[in-house]
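What follows is each chain in one-letter form.
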Amino acid sequence: MGLSLNTEARDTSTSFRGLIRNGRVIGVALALVAATLFAYQPVLDNGFVNYDDDLYITKSKQIKEGLSVDGVAWAFSSFQGANWFPLTRLSWMLDVDLFGLEPRGFHASSLAIHCFNVVLLLALLVGMTRAIGPSAFVAAVFALHPLHVESVAWASARKDVLSGAFFLMGLLSHCLYAQVRDHSGSPASRRVAYSCTFACLALGLMAKSILVVLPFALLLLDAWPLGRLAEPGGGGFSTNRLRRALAEKLPFFGLALVAAGVTLIAQQRGGAIRTFEIVPLSMRLSNAVVSYVSYAAKAVWPGDLAVYYPHPLESLEAWRILGASGLILAATWVAWRSRRKRPYLPMGWLWFVGTLIPVIGIVAVGQAALADRYTYLSLIGLTICVAWPAAEVASRGRSARIGVGVVAALWLAALVPLTRAQVRTWRDSTSLFEHALAVTERNHVAHINLAVVALNAREWDPAETHLREALRFAPRSALARGALGEALRGQQRPARALRHFRAALERQPDSTRWLEGLAAALIDLGRSEEAVAVLRGALEKRSSAQLHSNLGLALLNAGDHSKAIDHFEEALRRKPGLAEAHANLGVALLETGRLEASIEHLERSLEITPDLAVIRGHLGVALSIRDGPEAGLAQIEEALRMQPENAKLHAIAARVARDANRPRLAIEHYRAALDLGARSVSHLNNLAWLLAVDPDSPESVRREAVALAEEAAERSKSARASVQDTLAIAYAAAGRWDEAVEAASIALELAEKRGEPELAASIRERLIGYQGRRLP
């Protein structure tokens, strides 16, 4: 394994031209690509995960439509996800055009770019140093290290591998520029090489803003191995050469500064930058120091890797901070002392330290203490600090060369199964975050994401368990609070859900998701008027198909069918495939007697989402009207087979059974609905009526009717004529005539005030009966 420490740029040129003719280098490149493909082969069986993949890819309308003029404009103008990386978005759109929205295609593209980067890195190092052995080792670590799995196996981390490609191409073009600039190349050649470097920086910044470190890396290359900063003939740094190198990079630093500003704006607008109050500067500096040592330790042996590492905040021990500071100072001192004899040591160390500065946490972005993906470029510098000293040892003789080679081969061989295992943890969201819980402590993000998986599967109990654990570690998390509200709603516990939605809104007052959840819980509690007010407020902040659909549902529950229909139709105008809008519009049309239109929308909803059991139940109501009760009950029974614990379905079955003049069956289903937690005013009222009007019911059932009617009256705040009418007949059935007369009088007054003459006439007739102490 030959080692060349020559620092003249003309050697670089010669080496670059000879690369394509060097069979050994080509063989190493092919071997590295083959090893990389083997190590990452399991990624092709992985899916998307619910950690940013949904935000950036699977739920992004623009990405799902592929490349288009509008899509390109959106990619460059959007700060979606608190980031600006248009080139990465365009690469995802291209994947959709090539493979559809299939995870295998996305993962294959990221893996292909990573392999390309491996070859680029090998070419760069061999071309600059002519040292194949250490160059191959650095490229192999870059290719196979498990720390890089996150960047390759995570579809959302495409920005790492894509920006890495432009980073390495920028370094290559800078090396060519250095050769023509320092050795009398033509002005045209200089301009072309310089422009290529600048273009690589610009394109890389559009893939990920981490490329703000590229100008710094160019200066490091100027120091070693290009030797552009040294005094002619050897010796220390030349002030004039350093000044010239800085001057030629001023446009690069300027562009990096602009990109950093754009990134800060994007992250501030998206709420990604955490405030000084949440994470004080002292905590961030302490965590940064410890993180440097953690990254170095994981580079040596990558155990317990996780998608998310919780920030230690005030729990970081003083001895760890002091110990990490001491190690960093010692490493820096050693690198500085070695600058003349071994210039690759300060170059590699400063590469490692410098390329991590934007992501080390001094500017607190997000909540993590550190992240594996941040090592994608920085690990190169640390590996250089190992590879070139090892090459020196190997140059001492055959035994030393064999020993170094065996150690290097064994360590690289050990990385491969670790990488394959780490790739498999990214198979799906469950495996990813269960692994994170296994190797970290107090990981509220892992608990929240496992809860999201459970919520999507309608598994409410495990979702609640994970969310309560998340809140134990992060009690201020609005996401955990709001998601817990959703889990409690799914368990038919709307009163408790209401409290958590309100807590989430205290922390995220502009969140339409929590506003929608709050409104849904209010609807569950029969407080539709309050839900309407909440959703109208949300629509003032942001208009969307979902919000119009939710407001329509609130209006529907409040009895305002006309306005509900208007909002459902507006939702479908904005998003024709919104199944719930079709479904609820079908219900509203059914309530207003537009039977055929109702059936059309209900059937359209089931075409989009066949497993919507509740909608099948509403369709059963419509079919029972058009084709007879038995046809309707058949649909509802099928829906109940799908979801036997669904309170809404039991309520629908009760309604159809009541219309079919099967009161016993209706009572059975109403009781089931109430037992399952659906204690709405209408369900309580309807069951109370059925029990009260049964002349053969025993005294216990009559008492039950009174209790249900009183609860319905209390929930409706005694403001509905129909509810007061039911209360009156329940009192009468129980022989409580004076109370029956009082309730009926209130019902009559409400009916007349609200302009309901038919109901008023019926109540008046019943009131006369109560006054004569007889049942109607």
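Attention here is on the structure that accompanies the text. (Residues numbered from 1 in each chain as written. Predicted model: local features only at pLDDT ≥ 70, side-chain atom pairs only at ≥ 80, totals over all residues. Heavy atoms only, no water.)

**Regarding the overall build of the protein**
Stage number 1. A count of helices and strands for the protein gives 39 helices and zero strands.
Stage number 2. A compact globule built from 776 residues would reach a C-alpha radius of gyration of about 28 Å, whereas the protein, at 35 Å, exceeds it by more than 25%.
Stage number 3. Among the 776 residues that make up the protein, the fraction classed as buried is 53%.
Stage number 4. Contacts in the protein between residues far apart in sequence, at least 24 positions, make up 66% of those at least 6 positions apart.
Stage number 5. Of the roughly 34,100 Å² of accessible surface on the protein, 57% is carried by carbon and sulfur atoms.
Stage number 6. Measuring between centres, the 83 positive side-chain charges of the protein sit 13 Å from its 73 negative side-chain charges. (Helix = DSSP H or I, 4+ residues; strand = E, 2+ residues; numbered from the N terminus. Rg over C-alpha atoms; globule rule 2.2 N^0.38 Å. Buried < 20%, exposed > 50% of the residue type's maximum accessible area, 1.4 Å probe, protein only. Contact = heavy atoms within 4.5 Å. Areas by Shrake-Rupley, 256 points an atom, 1.4 Å probe, with all protein chains shown as cover. Lys, Arg positive; Asp, Glu negative; His and termini not counted. Charge placed at Lys NZ, Arg CZ, Asp CG, Glu CD.)

**A closer look at the pattern of salt bridges**
Stage number 1. One pass over the full model with this rule turns up 35 salt bridges.
Stage number 2. Between R527 and E530 there is a salt bridge, with its nearest N and O atoms 2.8 Å apart.
Stage number 3. When its relative accessible area of 28% is taken as the criterion, R527 is described as partly exposed.
Stage number 4. Accessibility expressed as a relative area gives 31% for E530, which makes it partly exposed.
Stage number 5. Of the charged contacts, one joins E570 and R574 as a salt bridge, the two residues approaching to 2.9 Å between their closest N and O atoms. Of this pair, E570 and R574 both sit in helix α28 (residues 561-574), four residues apart, which is roughly one turn of the helix.
Stage number 6. If you follow the salt bridges from partner to partner, you end up with D222, R228, E248 and K249 in one network. (Salt bridge = Lys/Arg side-chain N within 4 Å of Asp/Glu carboxyl O.)

**Considerations on empty space enclosed by the protein**
Leftover empty space is mapped by rolling, across the atoms, a probe with the size of a water molecule.
Stage number 1. Applying the stated rule across the entire model yields two cavities of 30 Å³ or more.
Stage number 2. Roughly 100 Å³ of volume is contained in the largest cavity.
Stage number 3. Lining the largest cavity we find D160, S163, K208, I210, T355, R373, Y374, T375, Y376, L377 and S378.
Stage number 4. Going through the elements one at a time, α10 (158-182) and α18 (375-394) are the ones with two or more residues in the lining of the largest cavity.
Stage number 5. Considering each element in turn, the lining of the largest cavity owes the most residues, four residues, to α18.
Stage number 6. For the lining of the largest cavity, the class distribution of residues is four nonpolar, four polar and three charged.
Stage number 7. Here the second largest cavity is characterised by a volume of approximately 30 Å³.
Stage number 8. Of all elements in the fold, only α10 and α11 (187-207) reach the threshold of two or more residues within the lining of the second largest cavity. (1 Å grid on protein atoms, 1.4 Å probe; cavity = no way out; pocket = protein on both sides within 12 Å on 5 of 7 lines; lining within 4 Å. Points joined across faces, edges and corners; volume = space filled by probe spheres on them. Nonpolar A, V, L, I, M, F, W, Y, C, P; charged D, E, K, R; others polar.)

**Comments concerning the nonpolar core**
Stage number 1. Counting residues in hydrophobic clusters, the biggest one holds 119 residues, and the most contacted among them are L122, F167, L171, I384 and W388.
Stage number 2. No other element matches helix α7 (residues 103-129), which puts twelve residues into this core.
Stage number 3. Look past the residues within four positions of L171 in its chain and what remains in contact with it is L124, L214, A217, L218, L221 and W351.
Stage number 4. L522, V534, L606 and A613 belong to the second-largest nonpolar core, a separate cluster that totals 72 residues. (Core = buried A, V, L, I, M, F, W, Y, C linked by side-chain atoms within 4.5 Å.)

**Some thoughts on helix α17 (residues 344-356)**
One turn of the α-helix equals 3.6 residues, which is why residues spaced by three or four share an orientation.
Stage number 1. Given a rise of 1.5 Å per residue, 13 residues ought to cover 18 Å, and the 18 Å separating the end C-alpha atoms of α17 matches this to within 8%.
Stage number 2. With respect to burial, α17 is a largely interior element, eleven of its 13 residues being buried.
Stage number 3. What α17 keeps buried is the set Y344, L345, P346, M347, G348, W349, W351, F352, G354, T355 and L356. (Expected span 1.5 Å × (residues − 1).)

**A closer look at the packing of helix α27 (residues 545-557) against helix α29 (residues 579-591)**
Stage number 1. Axis separation between α27 and α29 bottoms out at 10 Å; the angle between their running directions is 30°. Here α27 is positioned roughly parallel relative to α29, judged by the angle of their axes. Crossing geometry of α27 relative to α29 is assigned as left-handed. Here Q546, S549, N550, L553 and L556 of α27 lie close against α29, whose contacting residues are E580, A581, N584, V587, A588 and E591.
Stage number 2. When the residues that make up the contact of α27 with α29 are grouped by side-chain class, the tally is five nonpolar, four polar and two charged. (Axes fitted to C-alpha atoms, helices over the stretch in contact; angles between N-to-C directions. Parallel < 35°, antiparallel > 145°, perpendicular 65-115°, else oblique. Left-handed = near helix turned anticlockwise from the far one by under 90°.)

**Looking at the environment of Q367**
Stage number 1. With respect to the helices and strands, Q367 occurs in the loop between α17 and α18.
Stage number 2. The class of Q367 is partly exposed, set by a relative accessible area of 39%.
Stage number 3. In the structure, Q367 is positioned 141 residues away from Q508 in sequence and 16 Å away in space, judged by C-alpha atoms.

**Brief notes about unusual backbone geometry**
Stage number 1. Cis peptide bonds are those with omega within 30 degrees of zero, and the linkage from W224 to P225 qualifies with 10°.
Stage number 2. Relative to the elements of secondary structure, P225 occurs in the loop between α12 (214-223) and α13 (239-248).
Stage number 3. A positive phi angle, close to 55°, is found at D304, a residue other than glycine.
Stage number 4. Within the secondary structure, D304 sits in the loop between α15 (281-300) and α16 (318-337).
Stage number 5. We classify D304 as exposed; its relative accessible area is 52%.
Stage number 6. Backbone geometry places R773, a non-glycine residue, at a positive phi of 55°.

**Considerations on a nonpolar patch on the surface**
Stage number 1. Residues L67, V72, F76, L94, L98 and F99 make up a contiguous nonpolar surface patch of about 500 Å² in total accessible area.
Stage number 2. Elements with a minimum of two residues in the nonpolar patch: α5 (69-77) and α6 (86-99).
Stage number 3. When residues in the nonpolar patch are grouped by element, the largest group, three residues, is from α6.
Stage number 4. By secondary structure assignment, the location of V72 is in helix α5. (Patch = residues over 30% accessible without salt bridge, like charges linked within 9 Å, V, L, I, M, F, W, Y side chains within 5 Å.)

**Topic: the packing of aromatic side chains**
Stage number 1. The final tally for this structure, using the stated rule, is 17 aromatic pairs.
Stage number 2. For the ring pair W224 and Y344, a centre distance of 5.8 Å and an interplane angle of 70° mean the geometry is edge-to-face. Note that W224 is positioned in the loop between α12 and α13 and Y344 in helix α17, a separation of 120 residues in sequence.
Stage number 3. By relative accessible area, W224 is classed as buried at 2%.
Stage number 4. Judged by centre distance (5.4 Å) and plane angle (85°), the rings of W224 and W388 are edge-to-face. On the criterion of sequence distance, the pair formed by W224 in the loop between α12 and α13 and W388 in helix α18 is long-range, its members being 164 residues apart.
Stage number 5. In this structure an aromatic cluster arises from ring pairing among Y51, W154, W426 and F433.
Stage number 6. The ring of W74 is capped by R89, whose NZ or CZ atom sits 5.1 Å from the centre of that ring.
Stage number 7. In this arrangement the basic side chain of R89 is found over the ring face of F85, its NZ or CZ atom lying 4.6 Å from the centre. (Phe/Tyr/Trp six-rings, centres within 6.5 Å; stacked < 30°, edge-to-face > 60°. Lys NZ or Arg CZ within 6 Å of the ring centre and 35° of its normal.)

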